[in-house]
Amino acid sequence: MYIPRNFRLLEELERGEKGIGDGTVSYGMDDADDIYMRSWTGTIIGPPNTVHEGRIYQLKLFCDTDYPDKPPTVRFQTRINMTCVNQETGLVEPSLFPMLGNWEREHTMEDILVSLKREMSTPQNRRLYQPHEGNEDQRVEQKGLSLRCVIM
């Protein structure tokens, strides 16, 4: 059954706001005034027994007008060292992350976040050196450089 884009996004928003799942991933709209529901934020709590344990990763997800037929753009705001993430921009590379590269309309933003968390536990990522926490101020944005302040 075909579900129109906005209904699908409303379903995802409702699910994200209810916090369904194990509580180690969450997501919601970045801008409540965005009537096109394009800009979303996500959070992943790093999995145990990895270098990611105890870390909180912030992500941006951008669902263009062709979502869910095409995957969203996914970008880590928090610096992370993973084999599928561009180290300069934080972009999750679809060619290196199968869920985005082999996107199916049934996949959701929650699926992406859970899959990224699972990827953190893989042998190639579980022990990779990670940048010091608090390095968000150097992340390159899509539209150029953007400086961020981290308030402690």
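About the criteria used
- Residues numbered from 1 in each chain as written.
- Predicted model: local features only at pLDDT ≥ 70, side-chain atom pairs only at ≥ 80, totals over all residues.
- Heavy atoms only, no water.
- UniProt positions renumbered as here; feature names shortened; annotations may be inferred.
- Helix = DSSP H or I, 4+ residues; strand = E, 2+ residues; numbered from the N terminus.
- Buried < 20%, exposed > 50% of the residue type's maximum accessible area, 1.4 Å probe, protein only.
- Core = buried A, V, L, I, M, F, W, Y, C linked by side-chain atoms within 4.5 Å.
- Contact = heavy atoms within 4.5 Å.
- Polar contact = N/O pair within 3.5 Å; in protein donor to acceptor, adjacent residues only side chain to side chain.

Looking up the chain in an unreviewed UniProt entry gives the name UBC core domain-containing protein, with the organism given as Miscanthus lutarioriparius. As stated in UniProt under Subunit (unreviewed entry), the record for the chain gives "Heterodimer with UBC35 or UBC36."

Asker: Even after reading the chapter, I still don't get the environment of Gln77, so can you show me in this structure?
Answerer: Note on placement: Gln77 falls in the loop between β4 (73-76) and α2 (98-101). Judged by its relative accessible area of 7%, Gln77 is buried.

Asker: Would you explain the nonpolar core in this entry?
Answerer: What tends to happen in soluble globular proteins is that the nonpolar side chains get buried as a cluster. Residues Trp40, Ile44, Phe76, Val92 and Leu116 are the most contacted members of the largest nonpolar core, which totals 28 residues. Sorting the residues of this core by element identifies α1 (5-18), β1 (25-29), β2 (39-45), β3 (56-62), β4, α2 and α3 (109-120) as the ones contributing at least two each. Here this core gets five residues from one element, more than from any other, and that element is α3. Setting aside residues up to four positions removed in sequence, Val92 forms contacts with Val74, Phe76, Cys84, Val85, Phe97, Leu100 and Leu116.

Asker: It is not clear to me how the side chain of Thr43 should be interpreted in this structure. Could you clarify?
Answerer: Along the polypeptide, Thr43 turns up in strand β2. Accessibility expressed as a relative area gives 18% for Thr43, which makes it buried. Engagement of the side chain of Thr43 in a polar contact is seen with the side chain of Gln58, the distance being 3.3 Å. Thr43 has contacts with Thr24, Val25, Ser26, Ile56, Tyr57, Gln58 and Leu59, leaving out every residue within four places of it along the chain.

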